[in-house]
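Chain by chain, the residues run as shown.
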Amino acid sequence: MTKNNLKKIREGMLLSKSELARKAGISALTIDRIERGYPCRVDTKRKIIHALGFKTSERQKVFAD
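Note that this is a predicted model, so its numbers are computed, not measured.

**Q** Please give an account of helix α3 (residues 28–35) that cites residues and values.
**A** Among all positions of α3, only Ile31, Asp32, Ile34 and Glu35 are buried. Mapping the buried residues of α3 onto a view down its axis gives an arc of 165 degrees, with all of them on the same face. Buried residues along α3 sit against α1 (6–12), α2 (17–24) and α4 (42–51). Just past α3, the residue Gly37 takes up positive phi, approximately 100 degrees.

So this is what it looks like as structure tokens:
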């Protein structure tokens, strides 16, 4: 399990899991799994970071790894 701030950031932006998933081009199930701490690929993290409006260099704001 990995620690991340995805759920807190997503809810702070008033986005549902499905809205974020659509913006990132991934499934809502994947968003759910990541929020629960399951690992994901680097490419998936990049898609989520960009969908939230962050730069890749700001990944530490979302993912603690």
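**Q** Requested: an account of α2, with residues and values cited.
**A** Among the residues making up α2, those that are buried are Leu20, Ala21 and Ala24. The arc that holds every buried residue of α2, seen down its axis, measures 100 degrees, which confines them to one face. Against the buried residues of α2 lie α1, α3 and α4. Positive backbone phi, approximately 75 degrees, marks Gly25, located one or two places after α2.

**Q** Which residues make up the nonpolar core, and what values do they have?
**A** Within the largest apolar cluster, 16 residues are counted, with the highest numbers of intra-cluster contacts made by Leu6, Leu20, Ile31, Ile48, Leu52 and Val62. Elements that contribute at least two residues to this core include exactly α1, α2, α3 and α4. For Val62, the residues in contact, after removing those within four places along its chain, are Asn4, Asn5, Leu6, Ile9, Ile49, Leu52 and Phe54.

**Q** Break down the packing of α2 against α3 for me, citing the residues and quoting the values.
**A** How two helices pack is summed up by the angle between their axes together with the distance between the axes. Between α2 and α3, whose axes approach to 8 Å, the crossing angle comes to 110 degrees. It follows from the interaxial angle that α2 and α3 lie roughly perpendicular. Here α2 and α3 pass one another in a crossing that is right-handed. Each of Lys17, Ser18, Leu20 and Ala21 in α2 lies in contact with α3, whose residues at this interface are Ala28, Ile31, Asp32 and Glu35. Looking at the contact of α2 with α3, its residues break down into four nonpolar, one polar and three charged.

How each quantity is defined
- Numbering of residues starts from 1 in each chain and follows the order in which that chain's sequence is written.
- For a predicted model such as this one, the threshold for reporting local features is a pLDDT of at least 70, and the threshold for listing and counting side-chain atom pairs is 80 or more; totals across whole chains, interfaces and linings nevertheless cover every residue.
- In computing side-chain properties, one takes all heavy atoms of the structure into account and sets aside hydrogens as well as water.
- When a residue's accessible area, from a 1.4 Å probe over protein chains only, is under 20% of the maximum for its type it is buried; when over 50% it is exposed; and in between it is partly exposed.
- A run of DSSP states H or I qualifies as a helix once it reaches four residues; a run of E qualifies as a strand once it reaches two. Both are numbered from the N-terminal end.
- Within this analysis, the arc is defined by the directions that extend from the helix axis to the C-beta atoms.
- The contact rule is simple, with two residues in contact once any of their heavy atoms fall within 4.5 Å.
- Within this scheme, the nonpolar core is defined by two criteria: the residues are buried Ala, Val, Leu, Ile, Met, Phe, Trp, Tyr or Cys, and they are joined through side-chain atoms within 4.5 Å.
- The angle between two axes is taken between their N-to-C directions and runs from 0 to 180 degrees, where each axis is a line fitted to C-alpha atoms and a helix contributes only its stretch in contact.
- Note on angle classes: values under 35 degrees are labelled roughly parallel, values over 145 roughly antiparallel, values of 65 to 115 roughly perpendicular, and the remainder oblique.
- Crossings are assigned a handedness: left-handed for a near helix turned anticlockwise from the far helix by less than a right angle, right-handed for a clockwise turn.
- Three residue categories are used. Nonpolar comprises Ala, Val, Leu, Ile, Met, Phe, Trp, Tyr, Cys and Pro, charged comprises Asp, Glu, Lys and Arg, and polar comprises the others, including Gly.

Purely geometric stuff here, so don't read any function into it on its own.
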